[in-house]
Amino acid sequence: MRLWGRAYGLGMASPAPVIVKLGGSVITRKREAARIRPKVLRRLAEELCEPGGPPLVVLHGAGSFGHPGAVRWRLASAPPSEGDPHRARGAAIVSAEVRRLHVAVLRELVDAGGRPVSVPVAGSARNHEGRLSQFDPDPFRRWLSAGFTPVSFGDVVLDDRWGTSILSADSIALELASALRAERVLFVSDVPGVLGPAIRGRRPVIPELTSELVRSLQPKVGAPDVTGGIRGKAEAMLAIAEKGTLAGLISGLSDGALSRAVRGEAVYGSWAKAAAH
Ligand code: IP8
């Protein structure tokens, strides 16, 4: 039996939503400029839209539509000078690029029979020196209450000190998990879980995340990524669990794993267990 929580914080009993973040690593080709993985995206959209599932909030990363530009224009660090016109131009380009990916995600969810509605956060969220300082969950609540699936994404946002900076969808997931009293948060990736240090040449999946294990992880090297890679994600998962919501990292390349995890079944991956409150 599924236990529905008192969700959304609207004062009425509503089914608790599941928050799913489709990682940029799985829906785009991270090493090629602005390339979607159409088959993977289609299958994941179909798994999300299977009938009878819980209410969903779908978030997606920027992948090769956002990270290379964010690296090029150094949008995740302090600008060398105030009002730098190159940074502003870069921010505008990256903002437009991530919206191209966003439209593709919406399209697939519509085609799969879902009711997605775009809820970009750039209009209301603010950063302070690259960290989220202001966020409004109300639009998500309202669309969920009306029976829709809010869809948002990692984006370029205004920054009190730097003009603009990057807001990862992982940070949006963290905010929404407690604001909406989510049932669980699922991070969907191109890896089967958080990989621990190599043992005899192989890196095993860490089934249960702890802060000691996460501290021992290397910051990711490889494809351009300004928001912390797998270690940043593992840290976000621990923070979500600390606030009382189960968080998992599962593979988006394994057929059916996402739909099973959405339904609440145990799925192979890395999990951060909700702290008791
Ligand atoms: O891929 C990053 O979002 P993420 C957003 O969810 C940009 O970390 C624009 C690089």
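Here, every reference points to the structure presented above.
Described below are features of the structure shown in this document.

## Here we look at the site of the ligand
- What surrounds the ligand is a group of 14 residues, the closest being Ala 62, His 67, Ser 168, Ala 169 and Thr 227.
- Within the backbone of Ala 62, one N or O atom sits 2.9 Å away from an oxygen atom of the ligand.
- With the chains in place, 98% of the 330 Å² that the ligand exposes on its own is no longer accessible.
- Among the elements of the structure, α3 (63-72), α4 (85-111) and β8 (163-167) are those that each provide at least two residues to the shell around the ligand.
- Residues of the shell around the ligand, tallied by class, amount to six nonpolar, six polar and two charged.

## A word on the packing of aromatic side chains
- Under the counting rule described, the total for this entry stands at two aromatic pairs.
- When the centroid spacing of 5.0 Å and the interplanar angle of 80° are considered together, the rings of Trp 143 and Phe 148 count as edge-to-face.

## Regarding the side chain of Arg 141
- Looking at the element boundaries, Arg 141 is found in helix α5 (residues 138-145).
- For Arg 141, a relative accessible area of 15% corresponds to the buried category.
- Looking at Arg 141, its side chain comes within polar contact range of the side chain of Asp 138, at 2.6 Å.

Conventions we followed
Residues numbered from 1 in each chain as written. Predicted model: local features only at pLDDT ≥ 70, side-chain atom pairs only at ≥ 80, totals over all residues. Heavy atoms only, no water. Near = heavy atom within 4 Å. Polar contact = N/O pair within 3.5 Å; in protein donor to acceptor, adjacent residues only side chain to side chain. Areas by Shrake-Rupley, 256 points an atom, 1.4 Å probe, with all protein chains shown as cover. Helix = DSSP H or I, 4+ residues; strand = E, 2+ residues; numbered from the N terminus. Nonpolar A, V, L, I, M, F, W, Y, C, P; charged D, E, K, R; others polar. Phe/Tyr/Trp six-rings, centres within 6.5 Å; stacked < 30°, edge-to-face > 60°. Buried < 20%, exposed > 50% of the residue type's maximum accessible area, 1.4 Å probe, protein only.

Everything listed here is a matter of geometry and, on its own, says nothing about what the molecule does.
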